[in-house]
Amino acid sequence: MGLRIGQGRDIHRFGDGDHVMLGGVPVPHDQGIRAHSDGDVVLHALCDALLGALALGDIGGWFPDTDAEWAGTDSTQLLTTVYQRVRELGYQLNNLDITVLAQKPRIAPHVDAMREHISATLALPPDAVSIKATTTEGLGSIGRAEGLAAEAVVL
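Since the structure is predicted, the reported quantities are computational estimates derived from the model, not experimental observations.

1. A look at the overall build of the protein
From N to C terminus, the protein includes five helices and seven strands. Listed by position from the N terminus, the elements making up the protein come as β-β-β-β-α-α-α-β-α-β-α-β. The C-alpha atoms of the protein give 15 Å as radius of gyration, which agrees with the globular expectation for 155 residues (15 Å, within 12%). Judged by the C-alpha coordinates and their principal axes, the protein covers about 45 × 35 × 25 Å.

The following block contains the structure:
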């Protein structure tokens, strides 16, 4: 089996609420996310990276936002379903690297909890899960704090 690399990206607009879900962890914030599921951009980008590595389409094809079944779904469930398919095809995730793009909320205090959640969900050693954050220096929709995004790469 050859090595496969995948990348994924997700972005969501802020909406009503008092927290955002990031990497399976509720992060306190003065807004929530407008999304069909729980809007966890970290786990959505990770799902797309896994799907992309094996040319299996994208998260929108697997879990369409037009399907009521997925309304309000915990994105950990989506990730578990995608990774189960990866394993069924005989592949195993070696490591992942995720970057969260957000002007706010501050991500750094929650990185360890996100790494632990993803590590446990995918049965990976903690040192195989990298999560970091950056702002966009006030540029664009992320910089204007209209939402947040995440990018993921998997091997």
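2. Quick word on the packing of helix H3 (residues 75–88) against helix H4 (residues 111–122)
Relative to each other, H3 and H4 sit at 40 degrees, their axes nearing to 10 Å. It follows from the interaxial angle that H3 and H4 lie oblique. For H3 against H4, the interelement crossing comes out right-handed. Contacts between H3 and H4 involve Thr76, Leu79, Thr80 and Tyr83 from the former and His117, Thr121 and Leu122 from the latter. Residue composition of the contact of H3 with H4, by class: three nonpolar, four polar and no charged.

3. Section: the side chain of histidine 44
Counting through the fold element by element, histidine 44 comes out in helix H1 (residues 41–53). In this view, histidine 44 contacts Asp10, His12, Ser37, Asp38, Gly39, Ile59, Ser75 and Leu78; residues no more than four positions away in its chain are not counted.

4. Concerning the side chain of threonine 73
Here threonine 73 is to be found in the loop between helix H2 (59–62) and H3. You can call threonine 73 buried: its relative accessible area is 7%.

About the criteria used
Residues numbered from 1 in each chain as written. Predicted model: local features only at pLDDT ≥ 70, side-chain atom pairs only at ≥ 80, totals over all residues. Heavy atoms only, no water. Helix = DSSP H or I, 4+ residues; strand = E, 2+ residues; numbered from the N terminus. Rg over C-alpha atoms; globule rule 2.2 N^0.38 Å. Axes fitted to C-alpha atoms, helices over the stretch in contact; angles between N-to-C directions. Parallel < 35°, antiparallel > 145°, perpendicular 65-115°, else oblique. Left-handed = near helix turned anticlockwise from the far one by under 90°. Contact = heavy atoms within 4.5 Å. Nonpolar A, V, L, I, M, F, W, Y, C, P; charged D, E, K, R; others polar. Buried < 20%, exposed > 50% of the residue type's maximum accessible area, 1.4 Å probe, protein only.

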